[in-house]
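# Coordinate inspection notes
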Amino acid sequence: MSRPEQVAPADVYYNEEEAHKYTTNTHIIDVQKRMTERAIELLALPEDSTCFLLDIGCGSGLSGEELSENGHVWVGLDLSPSMLNVALEREVDGDLFLQDMGQGVGFRPGSFDGAISISALQWLCNADQRGHVPHKRLARFFGTLYAALARGARAVFQLYPQTPQQMGMITAAAMKAGFTGGLVVDFPNSTRAKKMFLCLFAGVAAEVPKGLDGT
Amino acid sequence: MRLLTHNLLQCHVKGCSTNNYPLRVEATNVVHKEADFNPEFITHMLQKIEWNALRTTASALGVAELPEILPLSMEGQEELLKQIHLVLMETHIMDGKLVCPGCSHEYLVTHGVGNMLLIEDEV
Ligand SMILES: [Zn+2]
């Protein structure tokens, strides 16, 4: 079976029919939900606090619903109008944007406390249109994402790289943009259960030192 | 799109890096939707919010007249926090457009979804 990103660009592949699958296929829903739970865990957010999060490639809002259930406020970006329409029908709680991550994320510095992305980043490695240069699109994406995250925030990407070279290209682009971090592989010895998460850190959060109290 | 999100949005057309904020709201449909009041979250987000831009937008849309200056601490400011909650979390731009003050690019909003797509020579 081919991966969807090898068949067609995201806005073409996720047409009405494919988008519909994401609301009816219980297996897809279950897998997405579990991967989102794991991504949230890897974000290591402060306990019991409501955070402002970005969901990159939010699709029909399955991952967003998981963010809402965990008490967070979120913004979702996706390139597929059909998927966003399904998200609207399902009345998800996040604010939605039709956006191409290769064009960058248009948010002010330090806006988000974290970002997640489930099965979306590999799309960025394709050159679907004339003028698309994957490494330039990756650079623009990671550069603007780094700026939009608060210092100390994390970005966690669950992804399916097509080749080790592709994984290398993605990681190199992230490091160039200033991120640190690396790859987390769950269940590396199982072909079915194996999952990859690129965990990126946007700088270090530091507490303001306490003033002297004169005692 | 909540006014919270609008307040954090800036124009991302290539080369438009000064005077690219806040995007002017030309809304044809603004709605109020109830949301749970979470004073800790509002206080947290106030560190990221551009207060003057929020005041201008809230006033232009006729949602609320916010004070010119925020108190140094939000402790005990329950009424003000509720007013800010109404503006940030309960006011949604459903249809209209967001216009960049610098390059005049128009971002359409339809059913609450903002269209941030650029054409290739704007990237
Ligand atoms: Zn502009």
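Structure's up top.
I will try to describe carefully the structure that is included in this document. The shown structure was predicted, so the numbers you read here are calculated from the model rather than taken from an experiment.

Further remarks concern the sheet that holds strand 7 (residues 195–202) of chain A. Taken together, eleven strands build an open sheet; the order of strands is 6(A)-7(A)-5(A)-4(A)-1(A)-2(A)-3(A)-4(B)-3(B)-2(B)-1(B) and the sheet is mixed. Edge strands, defined here as strands with exactly one partner in the open sheet, are strand 6 (180–186) of chain A together with strand 1 (24–32) of chain B. Within this sheet the neighbouring strands show an average axis-to-axis angle of 20°, counted without direction. Relative to strand 3 (residues 95–98) of chain A, strand 2 (residues 73–78) of chain A runs parallel, the two being bridged by four bridges. Among the inter-strand pairings, Leu77 of chain A is bridged to a residue of strand 3 of chain A, identified as Phe97 of chain A.

All names here are of chain A. A complete count under the given rule lists eight aromatic pairs over all chains for this structure. A centroid spacing of 5.8 Å and a plane angle of 85° characterise the contact between Phe97 and Phe107, whose relative ring orientation is edge-to-face. Taken together, the positions of Phe97 in strand 3 and Phe107 in the loop between strand 3 and strand 4 (112–118) put the pair ten residues apart, joining distant regions of the chain. Comparing Phe97 with Phe107 shows no difference in burial state: the two are buried. Both rings, one in Phe141 and one in Phe142, keep their centres 5.0 Å apart while their planes meet at 55°; by these two values the pair is tilted. Assigned by exposure class, Phe141 and Phe142 land together as buried. What links up through ring pairs into an aromatic cluster is the set Phe141, Phe142, Tyr146, Phe157 and Phe179.

Our next topic: the coordination of the zinc ion. All names here are of chain B. Around the zinc ion, the protein contributes the donor atoms Cys11 (SG), Cys16 (SG), Cys100 (SG) and Cys103 (SG), at 2.2 to 2.4 Å from the metal centre. Each donor residue of the zinc ion lies on the same chain, and together they follow the pattern C-x4-C-x83-C-x2-C. Here Cys11 is found in the loop between helix 1 (3–7) and strand 1, whereas its partner Cys103 is found in the loop between strand 2 (91–99) and strand 3 (106–110), with 92 residues between them in sequence. Looking at Cys103, the relative accessible area reads 35%, which means it is partly exposed.

Once that is clear, we can look at the nonpolar core. By size, the foremost hydrophobic cluster in this structure holds 76 residues, and its most contacted members are Leu54, Phe107, Phe141, Phe142, Leu145 and Phe157 of chain A. With residues up to four places along the chain from it excluded, the contact list for Phe142 of chain A reads Leu121, Phe157, Ile170, Ala173, Ala174, Ala177, Phe179 and Leu200 of chain A. Leu43, Leu96 and Cys199 of chain A together with Val113 of chain B belong to the second largest nonpolar core, which has 23 residues in total.

What follows concerns the packing of helix 4 (residues 26–43) of chain A against helix 5 (residues 62–69) of chain A. The description of two packed helices rests on the angle between their axes and on the distance between the axes. Residue and element names in this part refer to chain A. At a minimum axis distance of 9 Å, the contact between helix 4 and helix 5 shows a crossing angle of 50°. Comparing the axis directions of helix 4 and helix 5 gives the class oblique. Both helix 4 and helix 5 take part in a crossing whose hand is right-handed. For the pair formed by helix 4 and helix 5, the contact residues are Ile29, Gln32, Lys33, Thr36, Glu37 and Ile40 on the first element and Leu62, Ser63, Glu66, Leu67 and Glu69 on the second. Among the residues making up the contact of helix 4 with helix 5, the classes are represented as four nonpolar, three polar and four charged.

So, on to the side chain of Asn7 of chain B. With respect to the secondary-structure elements, Asn7 of chain B resides in helix 1. Look past the residues within four positions of Asn7 of chain B in its chain and what remains in contact with it is Arg108 of chain A together with Tyr21, Ile49, Glu50, Ala53 and Leu54 of chain B.

This part takes up the pairing of strand 5 (residues 149–159) of chain A. Residue and element names in this part refer to chain A. With eight of its eleven residues buried, strand 5 lies for the most part within the structure. Summarising the sheet, strand 4 and strand 5 pair through six bridges and their orientation is parallel. By the bridge assignment, Ile118 is partnered in strand 5 with Gln158. When strand 5 meets strand 7, the two strands line up antiparallel, connected through seven bridges. Its bridge partner lying in strand 7, Val156 is registered against Cys199.

Checked against the element boundaries, Tyr14 of chain A lands in the loop between helix 2 (10–13) and helix 3 (16–24). As a C-alpha pair, Tyr14 of chain A and Gly59 of chain A span 45 residues in sequence and 8.9 Å in three-dimensional space.

Before going further, it helps to examine the interface of chain A and chain B. Taken together, the contact between chain A and chain B spans 30 residues of the former and 29 residues of the latter. Between chain A and chain B, roughly 2500 Å² of surface is buried when both sides are summed, and carbon and sulfur atoms account for 55% of that area. The largest per-residue losses of area from chain A upon contact with chain B belong to Asp95, Gln103 and Arg108 of chain A, which jointly make up 27% of the total buried on that side. The interface formed by chain A and chain B includes four salt bridges. Linking chain A with chain B are 17 residue pairs in polar contact (both at pLDDT 80 or more), by the criterion used here. Only strand 2, helix 6 (81–89), strand 3 and strand 4 of chain A provide two or more residues apiece to the side of chain A that touches chain B. For the side of chain A that touches chain B, the leading source of residues is strand 3 of chain A, giving four residues. Looking at the side of chain A that touches chain B, its residues break down into 14 nonpolar, ten polar and six charged.

About the cut-offs
Residues numbered from 1 in each chain as written. Chains lettered and ligands numbered in written order. Predicted model: local features only at pLDDT ≥ 70, side-chain atom pairs only at ≥ 80, totals over all residues. Heavy atoms only, no water. Pairing = 2+ DSSP bridges. Helix = DSSP H or I, 4+ residues; strand = E, 2+ residues; numbered from the N terminus. Axes fitted to C-alpha atoms, helices over the stretch in contact; angles between N-to-C directions. Phe/Tyr/Trp six-rings, centres within 6.5 Å; stacked < 30°, edge-to-face > 60°. Buried < 20%, exposed > 50% of the residue type's maximum accessible area, 1.4 Å probe, protein only. Donors = N, O, S within 2.8 Å, 3.2 Å for Na, K, Ca; no water. Core = buried A, V, L, I, M, F, W, Y, C linked by side-chain atoms within 4.5 Å. Contact = heavy atoms within 4.5 Å. Parallel < 35°, antiparallel > 145°, perpendicular 65-115°, else oblique. Left-handed = near helix turned anticlockwise from the far one by under 90°. Nonpolar A, V, L, I, M, F, W, Y, C, P; charged D, E, K, R; others polar. Buried area = accessible area lost by both parts, 1.4 Å probe. Salt bridge = Lys/Arg side-chain N within 4 Å of Asp/Glu carboxyl O. Polar contact = N/O pair within 3.5 Å; in protein donor to acceptor, adjacent residues only side chain to side chain.

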